[in-house]
Amino acid sequence: MNLLAAVGLSAGYGDREALSGVDLALTPGELVGLLGPNGGGKSTLLLCLSGVLSPRSGRVEALGRDLAGLSPRERARLIACVPQRAEAPFGFTVAELVRLGRYAHLSFWGGYGPRDLAAAGRAMDEAGLSDLAGRLAAELSGGELQRALLARALAQEAGVLLLDEAMASMDVAWRMECFDLLRAKCRAGLAVLTAVHDLNLAALYCDRLVFLKHGRIAAHGPTAEVFRPELLSEVYETE
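Quick caveat: nothing in here was measured; it's all calculated off a predicted structure.

Definitions and limits used
- Residues numbered from 1 in each chain as written.
- Predicted model: local features only at pLDDT ≥ 70, side-chain atom pairs only at ≥ 80, totals over all residues.
- Heavy atoms only, no water.
- Helix = DSSP H or I, 4+ residues; strand = E, 2+ residues; numbered from the N terminus.
- Expected span 1.5 Å × (residues − 1).
- Buried < 20%, exposed > 50% of the residue type's maximum accessible area, 1.4 Å probe, protein only.
- Contact = heavy atoms within 4.5 Å.
- 1 Å grid on protein atoms, 1.4 Å probe; cavity = no way out; pocket = protein on both sides within 12 Å on 5 of 7 lines; lining within 4 Å.
- Points joined across faces, edges and corners; volume = space filled by probe spheres on them.
- Nonpolar A, V, L, I, M, F, W, Y, C, P; charged D, E, K, R; others polar.
- Pairing = 2+ DSSP bridges.
- Axes fitted to C-alpha atoms, helices over the stretch in contact; angles between N-to-C directions.
- Parallel < 35°, antiparallel > 145°, perpendicular 65-115°, else oblique.
- Left-handed = near helix turned anticlockwise from the far one by under 90°.

Peer 1: Can you tell me about helix 5 (residues 142-155), naming the residues and giving the values?
Peer 2: Taking 1.5 Å as the rise per residue, helix 5 with 14 residues should run 20 Å; its terminal C-alpha atoms sit 20 Å apart, in good agreement. The element helix 5 is largely enclosed, with a buried count of 12 among its 14 residues. In the core, the buried residues of helix 5 are packed alongside strand 6 (79-82), helix 3 (94-99), helix 4 (114-126), strand 7 (160-164) and helix 6 (172-187). Phi for Glu 157, located one or two positions after helix 5, is positive at around 55°.

Peer 1: Report on the layout of surface pockets, specifying residues and quantitative values.
Peer 2: The volume enclosed by the largest pocket comes to roughly 540 Å³. Surrounding the largest pocket, 25 residues form its lining, Ser 50, Val 52, Ile 79, Ala 80 and Cys 81 being those nearest its centre. Counting residues per element, the ones that place at least two in the lining of the largest pocket are helix 1 (42-50), helix 2 (72-78), strand 6, helix 5 and strand 7. Looking at side-chain class alone, the lining of the largest pocket contains 16 nonpolar, 6 polar and 3 charged residues. In terms of lining, the second largest pocket is formed by 17 residues, of which the most central are Leu 154, Glu 157, Ala 158, Lys 185 and Leu 190. Counting residues per element, the ones that place at least two in the lining of the second largest pocket are helix 4, helix 5 and strand 7. With 4 residues, helix 4 is the largest single contributor of residues to the lining of the second largest pocket.

Peer 1: Give a description of the sheet that holds strand 9 (residues 208-213) that names residues and reports values.
Peer 2: Spatially, the 6 strands line up as an open sheet ordered 6-7-8-3-9-10, and their pairing is mixed. Each edge of the open sheet is held by one strand with a lone partner, namely strand 6 and strand 10 (216-222). Between one strand axis and the next, the sheet turns through 15° on average, direction left out of account. When strand 9 meets strand 10, the two strands line up antiparallel, connected through 6 bridges. What sits directly across from Leu 209, in strand 10, is Gly 221. Contacts from helix 1 reach strand 3 (31-35), strand 6, strand 7, strand 8 (191-195) and strand 9 within the one sheet, and its direction differs from that of strand 7 by about 150°.

Peer 1: Please set out the packing of helix 4 against helix 5 residue by residue, giving values where relevant.
Peer 2: Packing of helix 4 against helix 5 brings their axes to within 8 Å, and their N-to-C directions diverge by 140°. It follows that helix 4 is oblique to helix 5 by the angle criterion. In the packing of helix 4 onto helix 5, the handedness of the crossing is right-handed. Along its contact with helix 4, which presents Ala 119, Ala 120, Ala 123, Met 124 and Glu 126, the element helix 5 presents Ala 151, Leu 154 and Ala 155.

Peer 1: An account of the packing of helix 5 against helix 6 is requested, with residue identities and associated values reported.
Peer 2: What describes two packed helices is the angle between their axes and the distance between those same axes. Packing of helix 5 against helix 6 leaves a shortest axis separation of 12 Å and a crossing angle of 10°. With respect to their mutual orientation, helix 5 and helix 6 come out roughly parallel. Across the interface between the two elements, Arg 147, Leu 150 and Leu 154 from helix 5 touch Trp 174, Cys 178, Leu 181, Leu 182 and Lys 185 from helix 6. Considering only residue class, the contact of helix 5 with helix 6 consists of 6 nonpolar, no polar and 2 charged.

The structure is reproduced here in structure tokens:
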């Protein structure tokens, strides 16, 4: 069963085409690495898959339904996202920021119920943020803020998690902690697609790799099959 799929996806900005004819499907329980040189289309693909950017042609399907036909609340119940960079919301504590991930599950009248508070608390524990719950998000370091955004996404309890270089500002130890967490979440059924520049972490943790170059899929397959020196040299145009 495909939780999320791109079918013949093309997208761009103004006169520039950033994606062309991309096909990709995510299934439960897999951690997929999205790799390739800068400007290859990784962020654009993630924006399309999340519903933020409308494709010029092709479509995105969530559980077989056209993503364009879903409301923001419906999309948020299916797909959670962690951006590459984000500004901390002014005046919000870490706990309040993480609870924003429960938006799609709130009733019409709003207000957090026991399940919402439990999900947010669990996400903060998993991201190593419990001791920082009362701190203002604006006071966090770059790596701490990214962990808070990851916790917010986990609190959504969506079936798909999309990450755009979400661990880039973390130190090596926390990158590995977060990848360990993602692996555990995948074993529980989550589907993860993460753009990543760290080839070593991609090789260690990802089940499958997708290489984007010039807006097209240059290579795609199980990590053990596609993580080869000659393919890496071709994609990145360096030894």
